[in-house]
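Residues per chain, in single letters:
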Amino acid sequence: GTVARAGTLGIMIPPSTIMVIYGVFTETNIGKLFMAGILPGILGAFLLCGAIVYTTWRHPTWGPPGERSGWRERWVALKDVWAVAALFLFVMGGIYVGFFTATEGAGMGATGALLFALGRRALTWRTLYDALLESARTTAMLFLILIGALMFAEFINITAMPADLKGFVSRFAVHPVAVVAGVCAIYVVLGTAMEELSMILLTMPVFFPVIVHLGFDPIWFGIIIVCVVEIGLISPPVGMNMFVLKTLLPHVPTGTVFRGVMPFMWADVIRLAILVAFPIISLWLPSFMR
């Protein structure tokens, strides 16, 4: 359960590919989206830790105590990860204070990673070639997906479906929070059967105009969508992360896998409720950006 839940944190903690695609697709400031994901990501990490404490308290045999490490061992362990932390702070700090845009920040991050690799003498011509090739493949794949999604969005607009939904909401005076709750429920269901990128690209043309029409902040909605997608990836009966985990651990019964993730799924539901009730958590850091 811990591994499956922690595996979803990557799409909330910046830099996040999902946030980049959402920002491009909805024309939302990507730098502000990155900043908006920091506090919800930290909140999610704290709730994840709380779920671990609760689970091991209720079932001590599920997480028996290991050997305790002293502060010296902990500081020594940091020497292998300080470069990643420094690069993250440099890129995100530069975007936050306005030194460079999100696109320029990606270039700065790639340059910094290249310098660290050279400094550690871990870069060869072969690894450089593999990295460039994989980057080209990933970029081409994402652009093809994005082109198809934009074409799909144009067809959706031609059918006037978003306008019909906005008219439906206005005609029946549906409460805005009820609309958000309905959208979240749909995403949780879709997340049990679809990959997160496909899910967002297929549904944004329909839901985003309605959300903007109701007066919600696009940045806040982006964070809510990422949070709901995380829940969908670990929710029974067919959460995608759960079946990946089951494939890696074939000797563990499927019921055990789903039972182990339930406390973490409820922790995510609590986080979603907090983010909906207090939008300032998502919007506070972006409010300081230029």
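Residues numbered from 1 in each chain as written. Predicted model: local features only at pLDDT ≥ 70, side-chain atom pairs only at ≥ 80, totals over all residues. Heavy atoms only, no water.

**Describing the side chain of Thr-26**
Consideration 1: Mapping Thr-26 onto the fold places it in helix H2 (residues 17–26).
Consideration 2: Here Tyr-22 takes part through its backbone oxygen, which lies 2.6 Å from a polar atom of the side chain of Thr-26.
Consideration 3: Engagement of the side chain of Thr-26 in a polar contact is seen with the side chain of Thr-28, the distance being 2.7 Å.
Consideration 4: Setting aside its immediate chain neighbours within four residues, Thr-26 contacts Met-204 and Phe-208. (Helix = DSSP H or I, 4+ residues; strand = E, 2+ residues; numbered from the N terminus. Polar contact = N/O pair within 3.5 Å; in protein donor to acceptor, adjacent residues only side chain to side chain. Contact = heavy atoms within 4.5 Å.)

**Description of the packing of helix H9 (residues 176–191) against helix H10 (residues 196–213)**
Consideration 1: At their nearest, the axes of H9 and H10 sit 12 Å apart, and the two run at 175 degrees to each other. With respect to H10, the element H9 is oriented roughly antiparallel. Note on element contacts: H10 touches H9 through Met-199, Thr-203, Met-204, Phe-207, Val-210 and Ile-211, opposite Val-179, Val-180, Val-183, Ile-186, Tyr-187, Leu-190 and Gly-191.
Consideration 2: The residue inventory of the contact of H9 with H10, partitioned by class, reads 11 nonpolar, 2 polar and no charged. (Axes fitted to C-alpha atoms, helices over the stretch in contact; angles between N-to-C directions. Parallel < 35°, antiparallel > 145°, perpendicular 65-115°, else oblique. Nonpolar A, V, L, I, M, F, W, Y, C, P; charged D, E, K, R; others polar.)

**So, helix H7 (residues 125–158)**
Consideration 1: Between its terminal C-alpha atoms H7 stretches 49 Å, which fits the 50 Å expected from 34 residues at 1.5 Å a residue.
Consideration 2: Where H7 is buried, its residues meet H2, helix H8 (161–171) and H10.
Consideration 3: In the segment just after H7, Ala-160 is the residue with positive phi, at about 65 degrees. (Expected span 1.5 Å × (residues − 1).)

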